[in-house]
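Residue-level structural notes
Given next are the chains, with one letter for each unit.
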Amino acid sequence: MTEMETDPYTHRRALNPLVWLSLVFGVAVLIAAAVGTHWAVDQVDRRAVTAERRTIAAALALERESVVAGELRSIWQEARRNQDEPGSAAVLADVVRETYDLARVYILALDGGVVRAAEGSLLKEEVIDANDRAAVQLLVGQFGQMEGADEGPGFSTREANHTRLADTVRLEDGQLAFVGIRRIGPDGGGVDEASATSFHLVSIKPISPQLLASVADHFELEGLHIAAPRPDHATLPILNNAGRVIGFVAWQPNRPAVSLLWEAAPAGVSFLFLAATGLAFLLAWVRRTTVQLAATQTKTTYLALHDPLTGAANRVLFEKRLLEAMAYPYLARTTVALVAIDLDGFKDVNDTYGHAAGDQIIKQVATRLAFALPEEATLARLGGDEFALVQPGVLNEGQAKWICQNLMRVFDTPFVLTDASIEITASFGVALEEGNAVSATEMRRRADVALYASKAAGRNQLKVYDPAMDKSRREKRTLEVELRNALLTGQGLFLLYQPIFEAGSNAVAGAEALVRWDHPERGNLAPDMFIGMAEETGLINQLGTWVLEEAARFVVTSEVPWVAVNVSPLQFRNPDFADSVLRILSTRGLPAERLQLEITEGVLLQNSRAIQAMLAQLRTAGIRIALDDFGTGYSSIGHLRAHSLDKLKIDQSFTRSIVRDPATLSIVRSVIDLARALDMSVTAEGVEEEAQRRLLKDLGCTELQGFLLSRPLTAQRLLGLLAERRSVA
């Protein structure tokens, strides 16, 4: 045995390197574990902060977009129409306070003058607040440059309503705020010609502690506030449209890994010898936490880019996909199709079945459209019953129409609610452009123009944008303005009266008032030239009031037994319609028994309790209600009984063929028998032949109307006819 082998000291010296090596290895393992743990904890917390930062950025982006979101057209119209009433501006302020949660709103004329200023629920002097002045002037200038770039042939006030701009600014008092501007146009009555132009609506929403607290509460954040960067806080730079940092949002970040590590520390100390097992557990925990954070981030991103009701893309995502489609470098020459989709008559569904049922219909529509989409297309719900579709790589107009026709077929099957089945159609407007040909804003405008043309063509239509549509819209807009002026001045509009005769005695029973328009340039216009336009633009209420006023003024001073006035279904959407009719009769001194209102079957088909109540109120007052053009719509006996009408008017299409067509004769005979059973009188329209008159009289028709008996007459000629009949008698 050697010396080394027998010397204990030498043996200990041999063991020392092993001990130190073990110690070094153990320390290295501990350091590696500590470093690894620290790295893992830091990575997890960084991911959490990153997710929070993205969440806050998305929330602030939505808040910024809210200053130019929604539609204020109807409120603005009402405010401008009643601009001399002190309560008009309060309507606007109330919208600001309750609907859009804006701090201040300014209505600016295009020359920069302040038309309205509101802060919260209070009206301000018509000046821009000193804190807002610089920001508002800068944004108006940028907006003017943007509008100038978009203007061109076909630009109009209505089209400019789709232009809007939002930015983030620092106000004069140092407060950060979202500022938005949009262009709006008055559309109500009572606005003089000088004000029939566009205005700028400027909205200001400060990034206030309350707003940040709301965001923090919604996303479970702590201490969200505006502050300079600090080491112990997470921060997010706030950028304006120019990309400059104008401030920072700071908050106390959630640190899930640190919290969990502190909770697990006692167990880690107690079971240090299980370092390997602990490390494996830590890695597993890191992986699980990472997956959870990724899932949270995915959910947050989804909610920021999708409509919560339908799951379709929202406006933000749709704009992104549209820009991507227009900028994509296609290998072949193709176009991008932007399709605007709007449900026909959806307001009637909400009015009849309630908004909950309307939401069910919207969800079903979105589901059906999603199943019918091409693979590359993006469907978005832009609000209400308005949808849009962007389809890249479209070869030609034929392919675009084929895509839209497939989408239109989803409306062939009725939509099912809990206790009803509803048939709904949709109108489609298509803009088809090469990606670099026009801007995204112009492409959206063209799709809206095509959609408007679809609605004007009778709905349930598909129209592809054509430049001629802009000319047609301008002409309709011009005619609309001219009709407004005619209603304001009373010049050009006049009434003719077509006598209605008793079938038995051939005496004048009454007369129907027919509106005509002697246009200074277009000559005499028949009702079908402007009634539809009045209904589209909301002028039908003013026009209907004018007709009723004129008819009552004439009849009350004449010997005409009664006068019949036609009423549009849209007039019944005004809850004050019945009261306004009775007010006119009272003002003019015309007894209610001398007025007959003629409604169409579209009024009955709305099946609205409010309409039933209005009709009942009018009949109780003594006014008679006649159902015009009976037989051309879809009224049922149940509708007739529910509304308790006084008279049926047989449409002239039946009168025209009653002598030659046995089937028509049977239908008319059944209608007359039905009217007798319901204790209603019957008037036949369009009597132009003596054989028709005799046959209708023999069938039991109460009254007759048509060119055989008399054409429409002026008021003076009608009085002459009455005098002539009295002299003969």
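Bear in mind the structure is a predicted one, so any value in this text is a computation, not a measurement. (Residues numbered from 1 in each chain as written. Predicted model: local features only at pLDDT ≥ 70, side-chain atom pairs only at ≥ 80, totals over all residues. Heavy atoms only, no water.)

Bringing the nonpolar core into the picture now. If you look at the biggest cluster of nonpolar residues, it comprises 78 residues, and the most contacted ones within it are Y497, F572, L595, L597, I599 and I623. Here the element with the most residues in this core is helix α17 (residues 540–555); it accounts for nine residues. Those residues in contact with L595 that lie beyond four places of it in its chain are L548, W562, V563, V565, V581, L585, I623 and R624. Judged by nonpolar contacts, the second largest core, of 34 residues, contains V365, L369, I403 and F415. (Core = buried A, V, L, I, M, F, W, Y, C linked by side-chain atoms within 4.5 Å. Buried < 20%, exposed > 50% of the residue type's maximum accessible area, 1.4 Å probe, protein only. Helix = DSSP H or I, 4+ residues; strand = E, 2+ residues; numbered from the N terminus. Contact = heavy atoms within 4.5 Å.)

Under the counting rule described, the total for this entry stands at 24 salt bridges. A salt bridge links R446 to E433, with the nearest nitrogen and oxygen atoms 2.7 Å apart. With R446 in helix α14 (residues 440–456) and E433 in strand β15 (residues 426–433), the pair connects residues that are 13 residues apart, well separated along the chain. For R446, a relative accessible area of 17% translates into the label buried. R588 is the partner of E549 in a salt bridge, and the nearest nitrogen-oxygen pair spans 3.1 Å. In this pair, E549 is assigned in helix α17 and R588 in helix α18 (residues 577–588), connecting sequence segments 39 residues apart. A relative accessible area of 25% places E549 in the partly exposed class. Connected through shared salt-bridge partners, E433, E442, R445 and R446 make up one network. (Salt bridge = Lys/Arg side-chain N within 4 Å of Asp/Glu carboxyl O.)

Attention now goes to the packing of aromatic side chains. This structure, assessed with the given rule, holds four aromatic pairs. Between the aromatic rings of Y497 and F554, the centroid separation amounts to 4.7 Å while the plane-to-plane angle is 35°, which identifies the pairing as tilted. In this pair, Y497 sits in strand β17 (residues 493–502) while F554 sits in helix α17, placing the two residues 57 residues apart along the sequence. What makes Y497 buried here is its relative accessible area of 3%. Relative to F530, the ring of W517 has its centre 5.6 Å away and its plane inclined at 85°; by these criteria the two rings are edge-to-face. Pair noted here: W517 is in strand β18 (residues 508–519) and F530 is in the loop between β19 (523–525) and α16 (531–537), with a separation of 13 residues, a long-range link. Above the plane of the ring of W562 lies R624, whose end atom (NZ or CZ) is 4.6 Å from the centre. Over the ring of F707 we find R711; its NZ or CZ atom is 4.1 Å from the centre of that ring. (Phe/Tyr/Trp six-rings, centres within 6.5 Å; stacked < 30°, edge-to-face > 60°. Lys NZ or Arg CZ within 6 Å of the ring centre and 35° of its normal.)

At a minimum axis separation of 10 Å, helix α23 (residues 662–677) and helix α24 (residues 690–699) run at an interaxial angle of 40°. The angle between the axes of α23 and α24 places the two elements in the oblique class. Here α23 runs over α24; the crossing is right-handed. Residues L665, V668, R669, I672 and R676 of α23 touch α24, and the partners they reach there are L695, L696 and L699. Among the residues forming the contact of α23 with α24, the class breakdown is six nonpolar, no polar and two charged. (Axes fitted to C-alpha atoms, helices over the stretch in contact; angles between N-to-C directions. Parallel < 35°, antiparallel > 145°, perpendicular 65-115°, else oblique. Left-handed = near helix turned anticlockwise from the far one by under 90°. Nonpolar A, V, L, I, M, F, W, Y, C, P; charged D, E, K, R; others polar.)

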